[in-house]
Amino acid sequence: MAIKTRFFLTSDTHGRVFDVKPTFKADVAIHCGDLTGRSELEKLRDTIDMMRKIPAPLKLVIAGNHDLLLEEGERFTELKSMSMSSSRDPARVDRTIGPAGAGRQLFEQAKADGVYFLDEGNYTFTLQNGACLRIYASPWTPAKWTGRAYQYPPETKHDFAIDDGTQVVVSHGPPLGVFDNTSFGRAGDPNLFTSVAIARPMLHCFGHIHSGWGAMLATWRSPRPRARPRYTDLNTEKSLVIEEMSNLAKNSNDTDKEAKARADKTKAIQDQGFAHTSHCSGDAHPLRPTEQTLFVNASYDWSESGWAGGLGEQPPWLVDLELPKAE
């Protein structure tokens, strides 16, 4: 028995909070990392309070590369020391980030309100609607520089150990080739793409690349690859781009009619408070498990490339999918 399940998705709020419009209810809310801008303990508290207000019984949160205060052990000590040594006011940095474990303690207090922080790994939840959710979470992204949280050198291999049968992958960064375009080229993670291409979850949500905001119902080539997957394992001709920034941002080459159509679509999404897509049985494009994956870049923070020409923050996503009934 399949159960319709609604996901609320956002990412890269960087300490800013948005008003949650009471026009929807979700089963699961997910934040894909970068909860703070500069690892500020107070901004993390604000973000957690915002997650509390989202109308969903279960809220799942991962860290991003800006969330140093959620690192642990030697990595926390080393990264905090690097931040202090590069600052003109190390004492202020020390107060801002707080002591080891302070950020995670805020999440411990938020569990009573259904807010859970996920370290990297596989999880299973029985949802309030009776569905079984199998999820994989990872905050890790590749980077050529040091000093940021949850990042590894791109020349090394990170093992994204996604369990077989996982329905939802939550990562901070995108897989290589999917909503990962930057002015410096593709910034997605090839190791992550490999793992996702093998696991083929129903939903993969992420952020990190702000200008990549959008959603695509991607169709895989069959059968599942036995060797190392490549981007060509995605059948782009049979994939559906649901929405992306380039469809909404102002374009100097637009005719008056085209400009008005973009503006009207943008205003409708902003007034609604979210972008919505549904892929359940009976919908125009029902998702076919193991054959398709819905990729969603849910970055909230707008970039210079301009959500709607730089009007402001990018909306969260509401996504409807069907999950199996929990045993």
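Thresholds, definitions, all that
Residues numbered from 1 in each chain as written. Predicted model: local features only at pLDDT ≥ 70, side-chain atom pairs only at ≥ 80, totals over all residues. Heavy atoms only, no water. Salt bridge = Lys/Arg side-chain N within 4 Å of Asp/Glu carboxyl O. Helix = DSSP H or I, 4+ residues; strand = E, 2+ residues; numbered from the N terminus. Buried < 20%, exposed > 50% of the residue type's maximum accessible area, 1.4 Å probe, protein only. Phe/Tyr/Trp six-rings, centres within 6.5 Å; stacked < 30°, edge-to-face > 60°. Pairing = 2+ DSSP bridges. Axes fitted to C-alpha atoms, helices over the stretch in contact; angles between N-to-C directions. Disulfide = S-S within 2.5 Å. UniProt positions renumbered as here; feature names shortened; annotations may be inferred. Contact = heavy atoms within 4.5 Å.

The protein is annotated in an unreviewed UniProt entry as Ser/Thr protein phosphatase family protein of Apiospora arundinis.

## Details of the pattern of salt bridges
According to the stated counting rule, one finds 17 salt bridges in the structure shown. As a salt-bridge pair, R6 and D320 come within 2.7 Å of each other at their nearest N and O atoms. Here D320 lies in strand β17 (residues 317–324) and R6 lies in strand β1 (residues 2–10), a separation of 314 residues in the sequence. By relative accessible area, which is 22% here, R6 ends up partly exposed. For E108, the salt bridge is made with K111, and the minimal N-O distance between the two is 3.3 Å. Assessed through its relative accessible area of 45%, E108 is described here as partly exposed. The partly exposed category is assigned to K111, whose relative accessible area is 36%. One connected set of salt bridges, linked through shared partners, spans K4, R6 and D320.

## Here's the deal with the packing of aromatic side chains
Across all of its chains, the model carries eleven aromatic pairs by this definition. With centroids separated by 5.5 Å and ring planes inclined at 70 degrees, the aromatic side chains of F24 and F274 adopt a geometry described as edge-to-face. Taken together, the residues F24 in the loop between β1 and β2 (28–31) and F274 in the loop between α7 (256–272) and β15 (275–278) connect sequence positions 250 residues apart. Comparing F24 with F274 shows no difference in burial state: the two are buried. A centroid spacing of 6.3 Å and a plane angle of 20 degrees characterise the contact between Y123 and F125, whose relative ring orientation is stacked. Judged by its relative accessible area of 25%, Y123 falls in the partly exposed class.

## Points about the sheet that holds strand β12 (residues 203–206)
The strands making up a sheet associate through backbone hydrogen bonding, with each pair oriented either parallel or antiparallel. Pairing in this open sheet of seven strands is mixed, and the strands run β5-β6-β9-β12-β16-β13-β14 from one edge to the other. The open sheet has two free edges, formed respectively by β5 (121–126) and β14 (240–244), since each of these has just one partner strand. If you compare each strand with its neighbour and ignore which way they point, the axes differ by 15 degrees on average. Summarising the sheet, strand β13 (residues 214–219) and β14 pair through four bridges and their orientation is antiparallel. Pairing of G214 across the sheet is with E244, part of β14.

## Quick look at the state of the cysteines
According to the stated counting rule, one finds zero disulfides in the structure shown. Take C132: it sits in no disulfide, and the sulfur closest to it among the cysteines is that of C280, at 16 Å. C280 takes part in no disulfide bond, and the closest cysteine sulfur, belonging to C205, lies 16 Å away.

## A closer look at the UniProt feature "domain: Calcineurin-like phosphoesterase" (unreviewed entry) in the protein
Per the UniProt annotation, the sites labelled "domain: Calcineurin-like phosphoesterase" (unreviewed entry) are residues 6–211. Span residues 6–211 is 26% helix and 22% strand, its end C-alpha atoms 25 Å apart.

## Structural notes on the sheet that holds β1
Taken together, six strands build an open sheet; the order of strands is β4-β3-β2-β1-β17-β15 and the sheet is mixed. In the strand order of this sheet, the two ends are held by β4 (115–117) and β15, each with one partner. Neighbour-to-neighbour, the strand axes of this sheet turn through a mean angle of 25 degrees, independent of strand direction. In terms of strand pairing, β2 meets strand β3 (residues 58–61) through four bridges, oriented parallel. Along β3, the bridge assignment pairs I30 with L60. On the sheet, helix α1 (residues 41–53) packs against β2, β3 and β4 and is oriented at approximately 150 degrees with respect to β3.

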